[in-house]
Amino acid sequence: MKVKSALIWVPVALVGAVCWTVLALSRGENVSALWVLFAALASYAIAYRFYARFISHRVLEVDDTRATPAERMQNGQDFDVTDRRVLFGHHFAAIAGAGPLVGPVLAAQMGYLPGTIWIIVGVILAGAVQDMMVMFFSMRRDGKSLGQMVREEIGVVGGVAALVAVFAIMIIILAVLALVVVNALAESPWGVFSIGLTIPIALFMGFYLRYLRPGRVSEVTAIGVALLLVAIVLGGWVDDTALGEALTLSPRRSPSAWWSTASSPRCCRCGCF
């Protein structure tokens, strides 16, 4: 078994080493995204096989025979047994927060290697570990939140302080993320149209999974991905039409300009000013 394992992981390590070397030595303006992709895949595979296994079995001592809070206290509201593929989607979306989005953009100004290190090494040593451990602690504490666990450990004052700190951090993170998104979508009707369509697509997927085909997670995922690709293609078409002009938004608009526009009388029913 050890020989077979070595035969698998040695090539993976070599692929990752070559990709990292290329990213480290690239000095031009352009580099193929495949180098970043395979560096990430190789690093994540090795980290999952060795580092994550060490944390789960040696540090956290995960036991598959223990029932989760959703299984022990299922009520269809606060606790509900969920398909593992749906949970994976939630965790996958949760890690893609403001830090992994804003940080690489700033690091990329210093080259491809710093941005890649920020994402890959940051996820392996910080982001994924933190998410895994907090969720593990929550399951061992009957699904309690971080603030509730802090309050039980260090008292009411500490728990309230933790909740206030988390709330403040979330406000700051969302504000920064909103600023990044606004600047990214400014003057881009293609992006505005495509992202806007994700809202009805998500609602349709929820209706499909809840009423039309309950439990068909893979099926609704395939439909959602296909609709998303269609939205992206249609966005390119909308960009060249009159609708594109209506979806061309400015990143800045002063409050005084908004107030004068909103409060000025309309000359006719069409809404012109």
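Here the structure is a predicted model, which means the values were calculated and not measured.

(A) How the structure looks around the overall build of the protein chain. Each helix and strand in the protein chain was counted, giving twelve helices and zero strands. Reading the secondary structure of the protein chain in the N-to-C direction produces α-α-α-α-α-α-α-α-α-α-α-α. Residues counted as buried form 19% of the 273 residues belonging to the protein chain. Put simply, of all contacts in the protein chain between residues at least 6 apart along the chain, 59% involve residues at least 24 apart.

(B) Spotlight on the pattern of salt bridges. Following the criterion strictly, the structure yields six salt bridges and no others. The partner of Arg72 in a salt bridge is Asp142, and the shortest N-O contact between them spans 2.9 Å. Residue Arg72 is found in helix α3 (residues 69-72), and its partner Asp142 is found in the loop between α6 (112-140) and α7 (146-154); the two are separated by 70 residues along the sequence. Judged by relative accessible area, which is 44%, Arg72 ranks as partly exposed. One salt bridge in this structure joins Glu153 and Arg141, with 2.5 Å as the shortest N-O distance. Pair noted here: Glu153 is in helix α7 and Arg141 is in the loop between α6 and α7, with a separation of twelve residues, a long-range link.

(C) Inspection of the nonpolar core at higher detail. Judged by nonpolar contacts, Cys19, Trp20, Leu23, Ala39, Ala40, Ala47, Ile120 and Ile124 together constitute the single largest core of eight residues. If you list the elements that add at least two residues to this core, you get α1 (2-25), α2 (33-59) and α6. Beyond its immediate chain neighbours, meaning those up to four positions away, Ile120 contacts Trp20, Val36, Ala39, Ala40, Ser43 and Tyr44.

(D) Main features of the layout of surface pockets. Roughly 390 Å³ of internal volume is contained in the second largest pocket. Lining the second largest pocket are 13 residues; nearest its centre among them are Met205, Val220, Thr221, Gly224 and Val225. Looking at the lining of the second largest pocket, the elements that each hand over two or more residues are α9 (189-212) and α10 (217-238). Of the residues that constitute the lining of the second largest pocket, the class distribution is nine nonpolar, four polar and no charged.

(E) Representation of the environment of Met133 in the model. Among the secondary structure elements, Met133 is positioned in helix α6. Sequence separation between Met133 and Val59 is 74 residues; the distance between their C-alpha atoms is 9.8 Å. Once residues within four sequence positions are removed from consideration, Met133 is found in contact with Val59 and Leu60.

(F) Expanded view of helix α8 (residues 156-185). Counted at 1.5 Å a residue, the expected span for α8 with its 30 residues is 44 Å, and the 43 Å between its end C-alpha atoms agrees. Taken as a whole, α8 has its buried residues at Gly158, Gly159 and Ala162. Taken together, the buried residues of α8 touch α7.

(G) The arrangement of α6 in detail. Helix length check: α6 (29 residues) gives 40 Å between terminal C-alpha atoms against 42 Å at 1.5 Å per residue, within 8%. Most pronounced at Val123, the bend in α6 amounts to some 65°. For α6, the complete set of buried residues consists of Gly115, Thr116, Ile120, Ile124, Gly127, Val129, Phe136 and Ser138. Within two residues after α6, Asp142 carries a phi angle of roughly 60°, on the positive side.

(H) Quick look at the packing of α2 against α6. Two elements in contact, α2 and α6, have axes separated by 10 Å at closest approach and are oriented at 25°. With respect to α6, the axis of α2 lies roughly parallel. Every pair of crossing elements has a handedness; the one defined by α2 and α6 is right-handed. In this structure, α2 uses Val36, Ala39, Ala40, Ser43, Tyr44, Ala47, Tyr51, Ile55, Ser56 and Val59 to contact α6, whose residues at the interface are Thr116, Ile119, Ile120, Val123, Ile124, Leu125, Val129, Met132 and Met133. Along the lines of polarity and charge, the residues of the contact of α2 with α6 split into 16 nonpolar, three polar and no charged.

(I) Quick peek at the packing of aromatic side chains. This structure, assessed with the given rule, holds four aromatic pairs. Ring centres of Phe136 and Phe137 lie 6.2 Å apart, and the angle between their planes is 70°; on these two criteria the pair is classed as edge-to-face. Owing to a relative accessible area of 39%, Phe137 belongs among the partly exposed residues under this scheme. Seen from their ring centres, Phe204 and Tyr208 are 5.8 Å apart, and the 50° between their planes marks the pair as tilted. Of this pair, Phe204 and Tyr208 both sit in helix α9, four residues apart, which is roughly one turn of the helix. Here Arg49 stacks its cationic end above the ring of Phe50, 5.0 Å away from the centre of that ring. Seen from the ring of Tyr211, Arg210 lies directly overhead, with NZ or CZ sitting 5.2 Å from the centre.

What counts as what
Residues numbered from 1 in each chain as written. Predicted model: local features only at pLDDT ≥ 70, side-chain atom pairs only at ≥ 80, totals over all residues. Heavy atoms only, no water. Helix = DSSP H or I, 4+ residues; strand = E, 2+ residues; numbered from the N terminus. Buried < 20%, exposed > 50% of the residue type's maximum accessible area, 1.4 Å probe, protein only. Contact = heavy atoms within 4.5 Å. Salt bridge = Lys/Arg side-chain N within 4 Å of Asp/Glu carboxyl O. Core = buried A, V, L, I, M, F, W, Y, C linked by side-chain atoms within 4.5 Å. 1 Å grid on protein atoms, 1.4 Å probe; cavity = no way out; pocket = protein on both sides within 12 Å on 5 of 7 lines; lining within 4 Å. Points joined across faces, edges and corners; volume = space filled by probe spheres on them. Nonpolar A, V, L, I, M, F, W, Y, C, P; charged D, E, K, R; others polar. Expected span 1.5 Å × (residues − 1). Bend = angle between axes of the 7 residues up to and from the residue. Axes fitted to C-alpha atoms, helices over the stretch in contact; angles between N-to-C directions. Parallel < 35°, antiparallel > 145°, perpendicular 65-115°, else oblique. Left-handed = near helix turned anticlockwise from the far one by under 90°. Phe/Tyr/Trp six-rings, centres within 6.5 Å; stacked < 30°, edge-to-face > 60°. Lys NZ or Arg CZ within 6 Å of the ring centre and 35° of its normal.

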